[in-house]
Amino acid sequence: MAALEKRSRSEWQELDKEHHLHPFTDHKDLHRKKSRIITRAEGVYIYDADGNKILDGMSGLWCVNAGYGRDEIVDAAAAQMRELPYYNNFFQCAHPPSIELANMLQEVSQPQFNRVFFSGSGSESNDTIVRMVRRYWDLLGQPERHTIISRKNAYHGSTVAAASLGGMKPMHEQGGLPIPGIVHVEQPYWFGSDRTLPPDEFGLAAARSLENKIQELGAHTVAAFIGEPIQGAGGVIIPPDTYWPEVQRICDEYGILLISDEVITGFGRLGEWFGADYFGTKPDLMPFAKGVTSGYLPLGGVLVADRVAEVLIDRGGEFFHGYTYSGHPAACAVAIENLRILKREKLIERVKNDIGPYLQKGWQKLGEHPLVGETRMVGLMGALEIVKDKETLERYDEKQGVGTICRDFLVNNGLVMRAVGDTIVVAPPFILSHEEADELLDKAWKCLDLTQQALSS
Ligand SMILES: *Cc1c(COP(=O)(O)O)cnc(C)c1O
């Protein structure tokens, strides 16, 4: 902070209002309420300009998995920036951090993954995906295989291609998306369905909406299927156990590439290195970002299985694609140190065997609250559904904004969780202690009470 002006909260807010356009923000609404200015962070807590201490139940934006205040990561970035702050990986060059990180990534991923293409974010990674899978089929002499199948309510990022892969209607409506050759099938969201099928059958039916679409389009036109192992931004949608094995069967049967978007689920969120490991799929491509650096610097990439990499290398010639910051040295140094921390402190095992089960147990208890219709959590990624009627699971009218009311109570009581409609989602850092988990759960219960009181007054 030394280099910044010392300003009061209201000065920051005023400057922010006058000069700063925020991502995913209704600015009129923001200007009425004013921005919350976050000034520092430590462990699992963030602090605002008024000195309020807030438990970050979202790990920033699903990324600060190793927690805040990690001097080892800061030191790794500083050391790398002193040595070589920037050089590119174009024109037959490379540098130690990009090479070392590529090597570490193949070590922690499934055996088919031996190569990685770097980007600067999850959105860029998914732009790379669109270009790479189409290139792959072109090189195999099947240029008609260009359609990528995704899912409704998926989130794959916000650039033109990534937002097209995503299945968010409001995003598609702004800017004429999706781009051609991207179609969307059903999501495996049992609670959000009419719930006439038992979850296992529902999972199979959701997977078969992929098969039906492949048959409708003709398998010879389908390049790939992309999905988040657990949909994050869509509301932490955990598919029934039957879903991913059936998707894998379908991809295998029709020879189409399986893309597992690991931007949230990668690097331990589900208690395994990747969501694909948790669900037992064998993807061909895995875009990643967020947790690879615990958010300390921006970095993304795509893990590329041999099936795809060998075609690109052996038959491809030059692939006219890349980013100035593909494999940025400081970002790679940060990722390397972050992966070392995950290993050294056994944080992924901790999510699987310790804090994951502990938080899950307490989270399930929130299901006893009169406002809660369902709770779900895998690893440290969970959601609860606010309902009007606990028996019928009827929801509140969307216009009431009950999720947002609850979210505002939460943050005003010192806990960040996110509202997706009336679904409250949670994804805390892996270093969360049992005590901090108790604090999270106590605050969640209290704010559900406050929400209920607000609704009945
Ligand atoms: C956040 C996210 C992205 C986009 O990543 P950015 O770094 O914001 O571009 C892509 N896919 C998933 C699953 C995400 O959660």
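Every value quoted in this text rests on a predicted model; they were computed, and no experiment measured them. (Residues numbered from 1 in each chain as written. Predicted model: local features only at pLDDT ≥ 70, side-chain atom pairs only at ≥ 80, totals over all residues. Heavy atoms only, no water.)

Outline the overall build of the protein, supporting the account with residue identities and numerical values.
A count of helical and extended segments in the protein gives 17 helices and 15 strands. Here the C-alpha radius of gyration of the protein, 22 Å, is about what a compact globule of 457 residues would show, namely 23 Å. A principal-axis box enclosing the C-alpha atoms of the protein has dimensions of 65 × 60 × 45 Å. Taking all 457 residues of the protein together, the buried fraction comes to 54%. Considering only contacts within the protein whose residues lie at least 6 apart along the sequence, 71% involve residues at least 24 apart. As displayed, the protein offers around 20,400 Å² of accessible surface, 52% of which is attributable to carbon and sulfur atoms. (Helix = DSSP H or I, 4+ residues; strand = E, 2+ residues; numbered from the N terminus. Rg over C-alpha atoms; globule rule 2.2 N^0.38 Å. Buried < 20%, exposed > 50% of the residue type's maximum accessible area, 1.4 Å probe, protein only. Contact = heavy atoms within 4.5 Å. Areas by Shrake-Rupley, 256 points an atom, 1.4 Å probe, with all protein chains shown as cover.)

Account for the pairing of strand β4 (residues 113-119), with residues named and values stated.
Within β4, 5 of the 7 residues are buried, which leaves the element mostly enclosed by the surrounding structure. Bridge count for β4 against strand β10 (residues 300-305) is 6 bridges, and the pairing is antiparallel. From the neighbouring strand, Phe113 faces β10, where its bridge partner is Ala305. (Pairing = 2+ DSSP bridges.)

If you had to explain the nonpolar core to someone new, which residues and values would you point to?
Leu101, Leu105, Phe267, Trp363, Ile386, Met417 and Leu440 are the most contacted members of the largest nonpolar core, which totals 61 residues. Ranked by residue count, the leading element in this core is helix α13 (residues 329-344), at 8 residues. Residues lining this core come from more than one domain, with at least three contributed by each of domain 1 (37-69 + 354-456) and domain 2 (72-344). Residue contacts for Met417: discarding those within four places in its chain leaves Met58, Trp363, Arg407, Leu410, Ile424, Val425, Val426, Leu440 and Ala444. (Core = buried A, V, L, I, M, F, W, Y, C linked by side-chain atoms within 4.5 Å. Domains from an automatic or database assignment.)

Please set out the sheet that holds strand β1 (residues 38-42) residue by residue, giving values where relevant.
With respect to topology, 4 strands assemble into an open sheet ordered β1-β2-β3-β13, the strand pairing being mixed. The open sheet has two edge strands with one neighbour each: β1 and β13 (415-416). By the bridge criterion, 2 bridges tie strand β3 (residues 53-56) to β13 in an arrangement that is parallel. For Asp56, the partnering residue across the bridge sits in β13 and is Val416.

Provide a residue-level description of the packing of aromatic side chains, including the pertinent values.
Evaluated as defined, the whole model comprises 11 aromatic pairs. Note on Phe24 and Tyr155: the rings are 6.3 Å apart at their centroids and 65 degrees apart in plane angle, and the pair reads as edge-to-face. Linking Phe24 in the loop between α1 (9-19) and α2 (27-33) with Tyr155 in the loop between β5 (147-151) and α7 (160-165), this pair joins segments that are 131 residues apart in sequence. Taking the centre distance of 5.1 Å and the plane angle of 65 degrees together, the rings of Phe267 and Phe274 count as edge-to-face. Note on Phe267: relative accessible area 0%, which makes it buried. The buried category is assigned to Phe274, whose relative accessible area is 0%. Ring pairs connect the aromatic residues Phe267, Trp273, Phe274 and Phe288, which therefore count as one cluster. Between Lys53 and the ring centre of Tyr45, over which it is positioned, the NZ or CZ distance is 4.3 Å. The residue whose ring lies beneath Arg145 is Trp137, and the NZ or CZ to ring-centre distance is 4.3 Å. (Phe/Tyr/Trp six-rings, centres within 6.5 Å; stacked < 30°, edge-to-face > 60°. Lys NZ or Arg CZ within 6 Å of the ring centre and 35° of its normal.)

An account of the site of the ligand is requested, with residue identities and associated values reported.
The local shell around the ligand consists of Ser121, Gly122, Ser123, Asn126, Tyr155, His156, Gly157, Glu228, Asp261, Val263, Ile264 and Lys290. Separating an oxygen atom of the ligand from a backbone N or O atom of Gly122 is a distance of 2.9 Å. Tyr155 has a polar backbone atom sitting 3.5 Å from a nitrogen atom of the ligand. Of the residues that constitute the shell around the ligand, the class distribution is 3 nonpolar, 6 polar and 3 charged. (Near = heavy atom within 4 Å. Polar contact = N/O pair within 3.5 Å; in protein donor to acceptor, adjacent residues only side chain to side chain. Nonpolar A, V, L, I, M, F, W, Y, C, P; charged D, E, K, R; others polar.)

With reference to specific residues and values, describe the sheet that holds strand β15 (residues 423-426).
In spatial order, the strands read β11-β12-β15-β14; together these 4 strands make up an open sheet with antiparallel pairing. Either end of the sheet is taken by a strand with one partner, and the two such strands are β11 (372-378) and β14 (418-420). Neighbour-to-neighbour, the strand axes of the sheet open up by a mean angle of 20 degrees, direction not taken into account. Where β11 meets strand β12 (residues 381-386), 6 bridges bridge the pair, whose relative direction is antiparallel. (Axes fitted to C-alpha atoms, helices over the stretch in contact; angles between N-to-C directions.)

Describe the packing of helix α5 (residues 96-108) against α13, naming the residues involved and giving the relevant values.
Between α5 and α13, whose axes approach to 8 Å, the crossing angle comes to 35 degrees. You can see that α5 and α13 cross each other, and the crossing is left-handed. Here α5 contributes Pro97, Ser98, Glu100, Leu101, Met104, Leu105, Glu107 and Val108 to the contact with α13, which in turn contributes Pro329, Cys332, Ala333, Ala335, Ile336, Leu339, Arg340 and Lys343. (Left-handed = near helix turned anticlockwise from the far one by under 90°.)

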